[in-house]
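This is what each chain is made of:
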Amino acid sequence: MTDWLDRGAPHVWRPYCQMKTAPAPLPVARTDGARIILEDGRELVDGIASWWTACHGYNHPHIAKAVADQLVRAPHVMFGGLAHAPAYDLARRLAALLPGDLDHVFFAESGSVSVEIAMKMAIQFWINRGVSGRSKFVSFLGGYHGDTLATMTICDPEEGMHSLFSGVMPSQHVVALPLDRDSEAALDALLAEKGYEIAALIVEPRIQGAGGMLIHDDEVLRRLRVLADRHEVLLIFDEIFTGFGRTGDLFACQGAGVTPDIITLSKALTGGTLPLSAAVASRRIFEAFWSDDAEAALMHGPTYMANPLACAAAGASLDLFEAGDWKADVARIELALRRGLEPCRGAAGVVDVRTLGAIGVVEFETAVDAGGLCQQFAELGCWIRPMGKVVYLTPPFVITDAELGRLTAAIQKVLGAPAAAR
Ligand SMILES: *Cc1c(COP(=O)(O)O)cnc(C)c1O
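Residues numbered from 1 in each chain as written. Predicted model: local features only at pLDDT ≥ 70, side-chain atom pairs only at ≥ 80, totals over all residues. Heavy atoms only, no water.

Engineer: Describe the side chain of Thr 394, with residues and values.
Structural biologist: Residue position: Thr 394 is located in the loop between β16 (390-393) and α14 (401-415). With near-sequence residues (within four places) excluded, Thr 394 lies in contact with Gly 47, Ile 48, Ala 49, Trp 52, Met 213, Phe 241, Arg 246, Ala 358 and Ile 359. (Helix = DSSP H or I, 4+ residues; strand = E, 2+ residues; numbered from the N terminus. Contact = heavy atoms within 4.5 Å.)

Written as structure tokens, this is what we have:
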């Protein structure tokens, strides 16, 4: 039945993987709700929502219908010179949902590319304003913004996945988040000294995801807004992970009451159905490009920009968000994760257990054996894929309490949480 796996395996280059030593991937037959069904019939409860995308669960009938309807109308048309309702409706709805005047939506196909576009917007904003020399970025230790070459330069150089490439690309200012007065003063000093060469600050608001699921207070974001304004640099929020309900608010920026100049969205934008991303700019940014001068335009346009199928999926996903059940689900999941992961505090090697919205994290002192743990979780009917020093859960919002119980029990068991604490 899995003939395709053996025959294709010599030809498929897998992600983030030393293929010589990594365990074989699990062959998937289909998905359903919060379940991944393997070719051998085993059902895994999904604790990761496919890299944080499948917020409404897999195969949601409302999203599936929107995509199927669009598939027969027009699966794709180029976005240069042509327009279609799925993209125009989606842009209007995103602008209405996002805070402040984040009103100008530029679509792309992946998160990394939307970050690249946000970086380009920020650099060209200053050029179009007649300010020269502002082409660098300030980003933060523990941060992750993508795998393409330019986004690699703003990831954490040590914790990130790209340390081998240091020196290949121009270096940026990757510094400590202003978590306290000292780090705030250090950032203030850096901006005072180097502000002339800085286009923007970029941060993952509320939680730095792939860099280690590191949570910070909303106050940190308010400090960043103040510092950005004081030193006249732009502020970019990368909400590719946090957007669409994951932290308990539809967008972290809205929950924190801080409006960035540009925001990037992807991952759960289509409810995990199709690849789509967006860089959304405020009015001030957009206006710097609005000119009689052709050179002032943003010269970017991915081939599959605003793919109609993906935009239709995103529109249907927004319908589900507007129906509103997700809020209670995220609160329910947060409670279950807190209760279910807390006993792991007593397990060997564990240094912290934390939750934020529908995110639960168990952090170890050192990097875990992700492949080995992943296999043990699968044997217990769970799809949980640890990352660096953390074992974490980011389940689909539709997951049931029983399914959540299966995930947290598997983590307790595999990590060896003390029986008395369970
Ligand atoms: C996943 C992620 C990206 C990169 O998105 P891709 O679609 O994988 O290119 C960028 N920023 C953040 C915060 C992410 O979580």
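Read on for the rest.
Engineer: Let's hear about the sheet that holds strand β15 (residues 382-383): which residues, and what values?
Structural biologist: Spatially, the 4 strands line up as an open sheet ordered β1-β2-β3-β15, and their pairing is mixed. The outermost strands of the open sheet, each flanked by one partner alone, are β1 (28-32) and β15. Here β1 runs beside strand β2 (residues 35-38); their pairing, made up of 4 bridges, is antiparallel. Residue pairing for β2: Val 28 is matched across the bridge by Leu 38. (Pairing = 2+ DSSP bridges.)

Engineer: Residues and numbers for the sheet that holds strand β14 (residues 359-364), please.
Structural biologist: Spatially, the 3 strands line up as an open sheet ordered β13-β14-β16, and their pairing is antiparallel. Sheet topology places β13 (350-356) and β16 at the edges, where each strand pairs with a single neighbour. The mean inter-strand angle of the sheet, taken between neighbouring strand axes irrespective of direction, is 10°. Sheet analysis places β14 next to β16, joined by 4 bridges and oriented antiparallel. (Axes fitted to C-alpha atoms, helices over the stretch in contact; angles between N-to-C directions.)

Engineer: Give me the environment of Ile 215: which residues, what numbers.
Structural biologist: Relative to the elements of secondary structure, Ile 215 occurs in strand β9 (residues 214-215). Looking at Ile 215, the relative accessible area reads 33%, which means it is partly exposed. On a C-alpha basis, the gap between Ile 215 and Ala 122 in space is 26 Å, while along the polypeptide they are 93 residues apart. (Buried < 20%, exposed > 50% of the residue type's maximum accessible area, 1.4 Å probe, protein only.)

Engineer: Outline the site of the ligand, supporting the account with residue identities and numerical values.
Structural biologist: Looking at the ligand, the residues that line it are Trp 52, Ser 110, Gly 111, Ser 112, Tyr 144, His 145, Gly 146, Glu 204, Asp 238, Ile 240, Phe 241 and Lys 267. At a separation of 2.8 Å, an oxygen atom of the ligand approaches a polar backbone atom of Gly 111. Asp 238 places a polar side-chain atom, nitrogen or oxygen, 2.7 Å from a nitrogen atom of the ligand. Isolated, the ligand exposes 380 Å² of accessible area, and the fraction of that covered by the protein chains is 84%. In terms of residue class, the shell around the ligand is made up of 4 nonpolar, 5 polar and 3 charged. (Near = heavy atom within 4 Å. Polar contact = N/O pair within 3.5 Å; in protein donor to acceptor, adjacent residues only side chain to side chain. Areas by Shrake-Rupley, 256 points an atom, 1.4 Å probe, with all protein chains shown as cover. Nonpolar A, V, L, I, M, F, W, Y, C, P; charged D, E, K, R; others polar.)

Engineer: Describe in detail the pattern of salt bridges, supporting the description with residues and values.
Structural biologist: In this structure the tally under the stated criterion is 25 salt bridges. A salt bridge links Glu 322 to Arg 93; its shortest N-O distance comes to 3.1 Å. A residue pair is termed long-range when its members are at least 10 positions apart, and Glu 322 in helix α11 (residues 308-323) and Arg 93 in helix α4 (residues 85-97) qualify at 229 residues. Each of the salt bridges in this network shares a partner with another, and the network as a whole consists of Glu 342, Arg 345, Asp 352, Arg 354 and Glu 363. (Salt bridge = Lys/Arg side-chain N within 4 Å of Asp/Glu carboxyl O.)

By themselves, these are just geometric observations and shouldn't be taken as functional.
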